[in-house]
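Here is how the chains run, residue by residue.
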Amino acid sequence: MGFFDKIKKAFMNEKETQPAEIETDETQPEAEVEDKVSETQPVEQEMTEQTQEDSFENEEEPKNNLEAESDPLTTVTPVIHAEERVDPEIMEEQAEEIIVQEKYEKGLEKTRKTFGERLNELFANFRSVDEDFFEELEETLIGADVGFDTAIKITESLRQEVKLRNVKKPAAVQNTIIEKMVDLYEAEGIEENNALNIQENGLTVMLFVGVNGVGKTTSIGKLAHEYKQDGKKVLLAAADTFRAGAIDQLVVWGERAGVEVVRGNAGGDPAAVVFDAVERAKAENADILLVDTAGRLQNKVNLMNELEKIKRIIQRELPDAPHEVLLVVDATTGQNAMSQAKQFKETTDVTGLVLTKLDGTAKGGIVLAIRNELHLPVKLVGLGEGIDDLERFDANDFAIGLFKGLLKVED
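Caption draft 1: Spotlight on the overall build of the protein chain. Each helix and strand in the protein chain was counted, giving 15 helices and eight strands. Expressed as a percentage of the 411 residues in the protein chain, the buried residues total 44%. Contacts in the protein chain between residues at least 24 apart in sequence constitute 78% of all its contacts with a sequence separation of at least 6. Accessible area of the protein chain: about 23300 Å², with a carbon and sulfur share of 47%.

Structure below.
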């Protein structure tokens, strides 16, 4: 089942579960109501008489039967078939999936609402699907931060589909727009790996990069908390030694998560801190090492050179590390996040994105642009401010959360 089919199914289930409105005819004469009540009385009387007869028959049964039923030796224990038993782990996983999907739906509420308003405005201004409509649709999609190239692809695909299927009604056109967006989103992510590269045996090293203020340190703290809850030995490395207060901020998050932080002096050598952190992680048989890095130096060249130096230090001790280089970007910045991703992708080996503050923006369409134009997998998303609100990116949950409420009932 494709993404769009799943969204339609979720949409139809939502419609079916809505309580039906009970229509009452307030003008109905009281006499008719009384007649209907009287019509039901004989049936109720028959049922009462039958119940009484059954109770009389039960009273006539011999008392020995009652004594036999109470005898422990003759008590029949009900048989519970294996297929009727529900595995508690499966129930827990299903409950967790529902919670995560609800987080996506809530986190994408602003994006969904804004995009819906844009579509409503678009259809209010056009009575027919003509060339002006398609040009305006392109502007609408670009304004929703899906990206220029993505907007062009969706519009061209829609133009062909409208001619092929002779779609005219607004509800059908809107559903087709969403279908084309979902199809493109799904097609671009066929070989995409959204899972984190965790080593089953040995130390996993993750390097977090990105400009200041996007939520790097917060994301590291939340991820550390999650792994700690899973029973893993986690260490943090405070390699952002240039920003005032960065080390202290990571230490606070380390205390919240209950994990230790390897740190040096403010203004010191970040690579030296990383070296100490790797040595300590190896000595203590740690499972996860999360490295915070500087977001800005004197210029971009210096920043990228510093990141390359850190990677060399790590690889000297662990040749196959770092196992993830995660670029953290702020979803609220929209196309600026795209620009940052392009710059970092050109200068360092980014393996995936952490998209923060997705719940606080109407620019969630940036995920479509990132997937279509950069082909970088989104691996983690921030769907709230709580310590448990950093979630693994799930393409299916994202698509449902973004589009489900926008489908229309077609005549």
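Read on, since the account is not over.
Caption draft 2: Spatial organisation of the pairing of strand β5 (residues 324–330). Burial runs high along β5: seven of the seven residues are buried. Side chains E324, L326, V328 and D330 of β5 all project onto a buried face; the interleaved residues V325, L327 and V329 project onto the opposite face, where all are buried too. Relative to β5, strand β1 (residues 204–209) runs parallel, the two sharing four bridges. Counterpart to M206 in the pairing with β5 is E324. Where β5 lies against strand β6 (residues 352–356), five bridges are found, and the strand directions are parallel. Within the sheet, the bridge partner assigned to D330 lies in β6 and is T356.

Caption draft 3: Local environment of the sheet that holds β6. Judged by pairing direction, the sheet is mixed, and its eight strands sit side by side in the order β3-β2-β4-β1-β5-β6-β7-β8 without closing on themselves. Strands with a single pairing partner mark the edges of an open sheet, and in this sheet they are β3 (260–262) and β8 (390–392). Averaged over all adjacent pairs, the angle separating strand axes in this sheet is 25 degrees, with direction ignored.

Caption draft 4: Quick peek at the nonpolar core. If you look at the biggest cluster of nonpolar residues, it comprises 78 residues, and the most contacted ones within it are M181, L289, L355, F393, F398 and F403. Here the element with the most residues in this core is helix α8 (residues 170–188); it accounts for eight residues. When residues no more than four places from it in sequence are discounted, the contact partners of M181 are F115, L141, V146, I154, L368 and F403. In this structure, F208, I288, V328 and L390 belong to the second largest nonpolar core, which totals 24 residues.

Caption draft 5: Here's a closer look at a negative patch on the surface. A surface patch of like charges, here negative, comprises E121, D132, E135, E136 and E139. Counting residues per element, the negative patch draws most heavily on helix α6 (residues 131–143), at four residues. Turning to its location among the elements, E136 is positioned in helix α6.

Caption draft 6: Molecular detail of helix α14 (residues 366–374). Of all nine residues that make up α14, eight are buried, and the element is covered over most of its length. Every buried residue of α14 is listed here: I366, V367, L368, A369, I370, R371, N372 and L374. At the exit of α14 stands H375, carrying a positive phi of roughly 55 degrees.

Caption draft 7: Local environment of the pairing of strand β7 (residues 378–382). Most of β7 is tucked away: five of the five residues are buried. Judged from the three bridges that link them, β6 and β7 form a sheet pairing that is parallel. Within the sheet, the bridge partner assigned to V354 lies in β7 and is L380. Handedness of the crossover joining β6 and β7 through α14 is recorded here as right-handed.

Caption draft 8: Broad picture of the pattern of salt bridges. Counted under the stated rule, the structure contains 20 salt bridges. For K311, the salt bridge is made with D349, and the minimal N-O distance between the two is 3.3 Å. Within this pair, whereas K311 is found in helix α12 (residues 300–317), its partner D349 is found in the loop between α13 (335–347) and β6, the two being separated by 38 residues in sequence. If you follow the salt bridges from partner to partner, you end up with E161, R165, E179 and K180 in one network.

Caption draft 9: Highlighting the packing of aromatic side chains. Tallied over the entire structure, the rule returns five aromatic pairs. Here the aromatic rings of F126 and F133 are separated by 5.8 Å at their centres, their planes lie at 90 degrees, and the arrangement is edge-to-face. Owing to a relative accessible area of 1%, F133 belongs among the buried residues under this scheme. A centroid spacing of 5.7 Å and a plane angle of 45 degrees characterise the contact between F393 and F398, whose relative ring orientation is tilted. Among the aromatic residues, those joined into a ring-pair cluster are F123, F126, F133 and F134. Cation over ring: R159 sits above F134, and NZ or CZ is 4.8 Å from the ring centre. Stacked on the ring of Y185, the Lys or Arg R371 has its end atom at 4.1 Å from the ring centre.

Caption draft 10: Summary view of the packing of α13 against α14. Closest axis-to-axis distance for the α13/α14 pair is 10 Å, and the angle between their directions is 30 degrees. Put simply, α13 runs roughly parallel to α14. At the point where α13 passes α14, the crossing takes the right-handed sense. In this structure, α13 contributes Q335, M338, A341, K342 and K345 to the contact, and α14 contributes I366, A369, I370, E373 and L374. Residue classes in the contact of α13 with α14 are distributed as six nonpolar, one polar and three charged.

Caption draft 11: Broad picture of the environment of R243. For R243, the position within the fold is in the loop between β2 (234–238) and α10 (246–257). A residue is classified by how much of its surface remains accessible, and R243, at 29% relative accessible area, is partly exposed. Each C-alpha atom of the pair R243 and T293 lies 9.8 Å from the other, and the pair is 50 residues apart in sequence.

Caption draft 12: Quick peek at the confidence of the model for the protein chain. Taken over all residues, the pLDDT of the protein chain has a mean of 80, while the share at 70 or more is 78%. Scored below 50 in pLDDT, residues 20–76 shows four contacts in the model against residues more than four places distant or in partner chains.

Reading guide: rules and limits
- Sequence order sets the numbering: in each chain, residues are counted from 1 along the sequence as written.
- The predicted nature of this model means local features are confined to residues of pLDDT at least 70 and side-chain atom pairs, given and counted, to a pLDDT of 80 or more, with totals for whole chains, interfaces and linings taken over all residues.
- Side-chain numbers come from the whole structure's heavy atoms, not from hydrogens or water.
- A run of DSSP states H or I qualifies as a helix once it reaches four residues; a run of E qualifies as a strand once it reaches two. Both are numbered from the N-terminal end.
- For each residue, the accessible area found with a 1.4 Å probe, counting protein chains only, is set against the maximum for its type, and the residue is called buried under 20%, exposed over 50%, and partly exposed in between.
- Residue contacts follow a heavy-atom distance rule, with two residues in contact if any of their heavy atoms lie within 4.5 Å.
- Each accessible area value is a Shrake-Rupley result obtained with a 1.4 Å probe; residue values ignore everything except the protein chains displayed when judging cover.
- Note on pairing: DSSP must find at least two bridges between two strands before they are called paired.
- In this description, a line fitted to the C-alpha atoms serves as the axis of each element, helices being fitted only across the stretch in contact, and the angle between N-to-C directions of two axes falls anywhere from 0 to 180 degrees.
- Within this scheme, the nonpolar core is defined by two criteria: the residues are buried Ala, Val, Leu, Ile, Met, Phe, Trp, Tyr or Cys, and they are joined through side-chain atoms within 4.5 Å.
- Like-charged residues within 9 Å of one another, or nonpolar side chains (Val, Leu, Ile, Met, Phe, Trp, Tyr) within 5 Å, are grouped into patches, provided each residue has over 30% relative accessible area and no salt bridge.
- A pair is scored as a salt bridge if a Lys or Arg side-chain nitrogen falls within 4 Å of a carboxyl oxygen belonging to Asp or Glu.
- Here Asp and Glu are counted as negative and Lys and Arg as positive; His is not counted, and neither are the chain ends.
- Charge positions come from single atoms, namely NZ of Lys, CZ of Arg, CG of Asp or CD of Glu.
- When the strands point away from the viewer and the connection leading from the first strand across the helix to the second strand turns clockwise, the crossover is called right-handed.
- For Phe, Tyr and Trp, where Trp contributes only its six-membered ring, two rings pair if their centres lie within 6.5 Å, and the inter-plane angle classes them as stacked under 30 degrees, edge-to-face over 60, or tilted in between.
- For a Lys NZ or an Arg CZ to count as sitting over a ring, it must be within 6 Å of the ring centre and within 35 degrees of the ring normal.
- The scheme is simple: roughly parallel for angles under 35 degrees, roughly antiparallel for over 145, roughly perpendicular for 65 to 115, oblique for anything else.
- Here a crossing is called left-handed whenever its near helix is offset anticlockwise from the far helix by less than a right angle, and right-handed whenever the offset is clockwise.
- Polar here means any residue other than Ala, Val, Leu, Ile, Met, Phe, Trp, Tyr, Cys and Pro, which are nonpolar, and Asp, Glu, Lys and Arg, which are charged; Gly is therefore polar.
- In predicted models, pLDDT denotes the confidence assigned by the predictor to each residue on a 0 to 100 scale.

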